[in-house]
Amino acid sequence: MKISVIPKPVMMETENNVFTITKEMKLNYISEDAVKAVNYLNSKFHFVRAKDKSGAKINFLADKKIEREGEYNLQIGSDGIEISANDESGFFYAVQTLLQLMPVEVFDPKFKAEKKYDVPFVKINDYPRFEYRGMHLDVCRHFMPVEFVKKYIDYLAMHKMNKFHWHLTEDQGWRIEIKKYPKLTQISAFRDGTVIGHSRDEPKKYDNIKHGGFYTQEQIKDVIKYAEERCITIIPEIELPGHSVAALAAYPQFACTDGSFEVEKNWGVFDDVYCAGKEGTFTFLTDILTEVIELFPSKYIHIGGDECPKTQWKVCPDCQAKIKKEKLKDEHELQSYFIKRIEKFLISKNRQLIGWDEILEGGLAPEATVMSWRGTKGGIAAANDNHNVIMTPTSHCYFDYYQDEKSKEPLAIGGYLPLEKVYSYDPLPSELPKEKHKYILGAQGNVWTEYMKTPEHVEYMVFPRIDAMSEVTWTPVKNKNYEEFKTRLETQLERYKLMGINYSKSHYTAKLKGK
Ligand code: ACM
Ligand code: ZN
């Protein structure tokens, strides 16, 4: 029997025999920690709960000796299926593995448990390599409907990922309802058109089609609950001080100049950013973050911090006065002052700040976690300085890059990141001393949607690179082998076909070092 579990488990022994699941079987659990796992399994099956262990062929057992978060044991033999874990995610991941041991048809959304389903005899002990296993989604460059965001969360769950980084604000659109500032959704959530072709193309042409959308707080609560049921934490990102033109279009008083702004129609990095000199900016942003914190239970709040040009700050009297008053050396220290103020606010609310690696410039906020994207240098510096780090270098984690030769692929932002290269990634940099490894929390695939107008295109860019990323973040290095991964991937692609996922086949032709 062909076995295809992705991400590959830590330890798996198999026997040439099968146990047959029938829909009449009963399951049993005592620990409340198993409820999410049982519910997920029963979204496909409808196993009734037995009165006790002896009446059940599928047993979820609490094992207090298990210390790792997410660890589980899964044993299938002639007596049935036994799962043990010591936390919700452990049980949940065991169910993900169990589903992948079943015939692929269980992944068909129309699947109804009516027949008998063979699963191989196995003995699995499994746990994640990293505590942070994430995927990011930019819903600002192109708005993605709630239904797709939920699907995306299911995709993460299937890959035993536990962090969904939801990029909610940008120059081209603001996507989260903030009750105190209604213009953020009335004005900032929509743009009057979108650049046609690549942002660098000349002359520039725009489609003049209004584009936008936003999530109400009620929808966001619903999505958070959906993610929680799948053991996934949603980390919201509210960009500051840069990538803020859409917000400034509605509230220009928080910019350096009096200029009127419109929600951007082109992609790029824009000079107009929040003014660091005006106190009102901080009131505005902390009001917004207050509502964000009330909505999102996540310990981490991402505040962006990337690509903030200092052009306006250099000539803004308010910013310059702030530099003087706070005895700052330059505009980089002003950015650091900005981030540190926001961090202080987050800490006062018992939250922790994550920022892109630019937050190192001018001095890192005391407790910040760094998301290293411009390579790994920022992450290494932060880890050496005893800061937590999430690795997302463009070189291995940017799923907006091409997967094969440009000429064979739909228009993308640039870059080259074939499946094999994602697979080869090790988030622990070889140059980082061993005692600092603990600061590397994990890694994440980033999905910027400038050139992805639809959910189908997002799927094309994400699949199957998400499979590679799931092994990067979950599987021990010694268990990884690209050729063997590709054989398991074949079965995974059959599942995707049934699920209606628009996955890419580029990996069949892409070269590791292509262009
Ligand atoms: C980024 O890609 N600007 C974080
Ligand atoms: Zn200013």
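Structure shown above.
These numbers were taken from a predicted model, which means no experiment stands behind them. Counting restarts for each chain, with residues numbered from 1 along the sequence as it is written. As they are written, the chains are lettered A onward and the ligands numbered 1 onward, keeping that order. Local features are withheld for residues below a pLDDT of 70 in this predicted model, meaning they are given only at 70 or higher, and side-chain atom pairs are given and counted only at 80 or more; totals for whole chains, interfaces and linings count all residues. Hydrogens and water are ignored here; the side-chain numbers use all heavy atoms of the structure.

Draft legend 1. Summary view of the overall build of the protein chain. A tally of helices and strands in the protein chain yields 16 helices and 21 strands. Computed over C-alpha atoms, the radius of gyration of the protein chain comes to 24 Å, within 12% of the 24 Å expected from 2.2 N^0.38 for 515 residues, which places it in the range of a compact globule. Across its three principal axes, the protein chain shows a C-alpha extent of roughly 75 × 50 × 45 Å. When a residue's accessible area, from a 1.4 Å probe over protein chains only, is under 20% of the maximum for its type it is buried; when over 50% it is exposed; and in between it is partly exposed. When the 515 residues of the protein chain are sorted by exposure, 61% land in the buried category. Summed over all atoms, the accessible surface of the protein chain reaches about 20800 Å², with 50% contributed by carbon and sulfur. In the protein chain, the 72 positive side-chain charges and the 75 negative ones have mean positions that sit 2 Å from each other. Helix and strand assignments come from DSSP, with helices taken as H or I runs of at least 4 residues and strands as E runs of at least 2, each series counted from the N terminus. The reference for a compact globule is 2.2 Å times residues^0.38; the radius of gyration itself is calculated from the C-alpha atoms. Calculation of accessible area relied on Shrake-Rupley with a 1.4 Å probe; when residues are assessed, cover is drawn exclusively from the protein chains displayed. In this charge count, Lys and Arg are treated as positive and Asp and Glu as negative; neither His nor the chain ends contribute. Lysine's charge is taken at NZ, arginine's at CZ, aspartate's at CG and glutamate's at CD.

Draft legend 2. Focus on the side chain of Ser298. Its place among the elements puts Ser298 in the loop between α7 (279-295) and β15 (300-304). For Ser298, a relative accessible area of 3% puts it in the buried group. Throughout, a contact is declared for two residues whenever any of their heavy atoms are within 4.5 Å. Those residues within four positions of Ser298 in sequence are excluded, and the remaining contacts are Thr233, Ile234, Ile235, Pro236 and Arg351.

Draft legend 3. Structural context of the coordination of the zinc ion (ligand 2). Sites may look incomplete because water is not among the atoms; the donors themselves are N, O and S atoms within 2.8 Å of the metal, or within 3.2 Å for Na, K and Ca. Taken together, the protein donors to the zinc ion (ligand 2) comprise Cys256 (SG), Cys275 (SG), Cys316 (SG) and Cys319 (SG), at separations of 2.3 Å. Coordination at the zinc ion (ligand 2) is tetrahedral: its four donor atoms span angles of 106 to 114 degrees at the metal. Look at where the donors of the zinc ion (ligand 2) fall in the sequence and you get C-x18-C-x40-C-x2-C. Of the two residues examined, Cys316 and Cys319, each falls in the buried class. In this scheme the shape depends on donor count and angles: four donors with every angle between 85 and 135 degrees give tetrahedral, four or six donors with opposite pairs above 155 degrees and others between 65 and 115 give square planar or octahedral in turn, and any other case is irregular.

Draft legend 4. Looking closely at the sheet that holds strand β14 (residues 233-240). Strands were regarded as paired on the criterion that DSSP finds at least two bridges between them. Read around the closed barrel, eight strands run β8-β9-β14-β15-β16-β17-β18-β21, paired in parallel fashion. Averaged over all neighbouring strand pairs, the angle between strand axes comes to 30 degrees, with direction disregarded. Where strand β18 (residues 389-391) meets strand β21 (residues 440-445), three bridges bridge the pair, whose relative direction is parallel. Among the inter-strand pairings, Met391 is bridged to a residue of β21, identified as Ala443. To obtain each axis, a line is fitted to C-alpha atoms, and for helices this fit is confined to the stretch in contact; angles are then taken between N-to-C directions over 0 to 180 degrees.

Draft legend 5. Examining the sheet that holds strand β7 (residues 116-126) more closely. Strand order in the open sheet formed by seven strands is β1-β7-β5-β6-β4-β2-β3, and the pairing between neighbours is mixed. Of all the strands in the sheet, just β1 (11-22) and β3 (48-49) have a single pairing partner and so form its edges. Both β1 and β7 contribute to a ladder of 10 bridges, which runs antiparallel. Bridge pairing links Met12 to Ile124 in β7. Lying over the sheet, helix α2 (residues 88-101) contacts β4 (58-62), β5 (72-77), β6 (80-85) and β7, oriented at roughly 35 degrees with respect to β5.

Draft legend 6. Structural context of the packing of aromatic side chains. By convention, a stacked pair of Phe, Tyr or Trp rings (six-membered ring in the case of Trp) has centres within 6.5 Å and planes under 30 degrees apart, an edge-to-face pair has planes over 60 apart, and any other such pair is tilted. Under the criterion given, the structure shown has 34 aromatic pairs. For the pair Trp166 and Phe296, a centre-to-centre distance of 6.3 Å together with 80 degrees between the ring planes defines the contact as edge-to-face. Here Trp166, found in strand β9 (residues 163-167), pairs with Phe296, found in the loop between α7 and β15; they are 130 residues apart in sequence, far enough to count as distant. Judged by its relative accessible area of 0%, Trp166 is buried. Classification of Phe296 by relative accessible area gives buried; the value is 0%. Ring centres 6.5 Å apart and planes at 70 degrees place the aromatic pair Trp267 and Tyr451 in the edge-to-face group. Here Trp267, found in the loop between α6 (245-250) and α7, pairs with Tyr451, found in the loop between β21 and α14 (455-462); they are 184 residues apart in sequence, far enough to count as distant.

Draft legend 7. Region of the structure containing the nonpolar core. We call a set of buried Ala, Val, Leu, Ile, Met, Phe, Trp, Tyr and Cys residues a nonpolar core when their side-chain atoms join them within 4.5 Å. Ranked by size, the top nonpolar core spans 173 residues in total, and within it Phe45, Phe60, Tyr152 and Trp166 carry the most contacts. If one sorts the elements of this core by residue count, helix α3 (residues 146-158) sits on top with nine residues. For Phe60, the residues in contact, after removing those within four places along its chain, are Leu27, Asn28, Tyr29, Ile30, Ala34, Ala37, Val38, Leu41, Ile83, Phe91 and Val95.

Draft legend 8. Expanded view of the pairing of β14. Burial runs high along β14: seven of the eight residues are buried. In terms of strand pairing, β9 meets β14 through five bridges, oriented parallel. Note that in β14 the partner of Trp166 across the bridge is Pro236. Inspection of the sheet shows β14 paired to β15 by two bridges, in the parallel sense. When the bridges of β15 are listed, Leu240 appears paired with Gly304.

Draft legend 9. Looking closely at the pattern of salt bridges. Between Lys or Arg on one side and Asp or Glu on the other, a salt bridge is scored when a side-chain nitrogen of the former is within 4 Å of a carboxyl oxygen of the latter. Enumeration over the complete set of coordinates arrives at 29 salt bridges. Glu484 serves as the salt-bridge partner of Lys8, at 3.3 Å between the closest nitrogen and oxygen. Placement of Lys8 in the segment before β1 and of Glu484 in helix α16 (residues 482-499) is noted, with a sequence separation of 476 residues between them. Classification of Lys8 by relative accessible area gives partly exposed; the value is 21%. Look at Glu484 and you get partly exposed, because its relative accessible area is 26%. For Glu450, the salt bridge identified is with Arg141, shortest N-O distance 3.5 Å.

Draft legend 10. The arrangement of the side chain of Glu177 in detail. In this structure, Glu177 sits in the loop between β11 (173-174) and α4 (183-186). The exposure class of Glu177 is buried, given its relative accessible area of 17%. One polar contact links the side chain of Glu177 to the main-chain amide nitrogen of Gln217, over a distance of 2.7 Å. Ignoring sequence-local partners within four residues, the contact set of Glu177 consists of Thr185, Phe214, Tyr215, Thr216, Gln217 and Glu291. In the analysis that follows, any N or O atom pair within 3.5 Å is treated as a polar contact, provided that within protein one partner can donate a hydrogen and the other can accept it, and provided that, for residues neighboring in sequence, both atoms belong to side chains.

Draft legend 11. Expanded view of unusual backbone geometry. For the bond from Glu202 to Pro203, the omega torsion is -10 degrees, close enough to zero to count as cis. Assignment of secondary structure puts Pro203 in the loop between β12 (190-191) and β13 (211-212). Omega for the bond connecting Leu240 with Pro241 falls within 30 degrees of zero, at -15 degrees, which places this linkage in the cis form. Checked against the element boundaries, Pro241 lands in the loop between β14 and α6. Non-glycine residue Asn386 carries a positive phi angle of around 65 degrees. Structurally, the position occupied by Asn386 is in the loop between α11 (377-384) and β18. By relative accessible area, Asn386 is classed as partly exposed at 43%.

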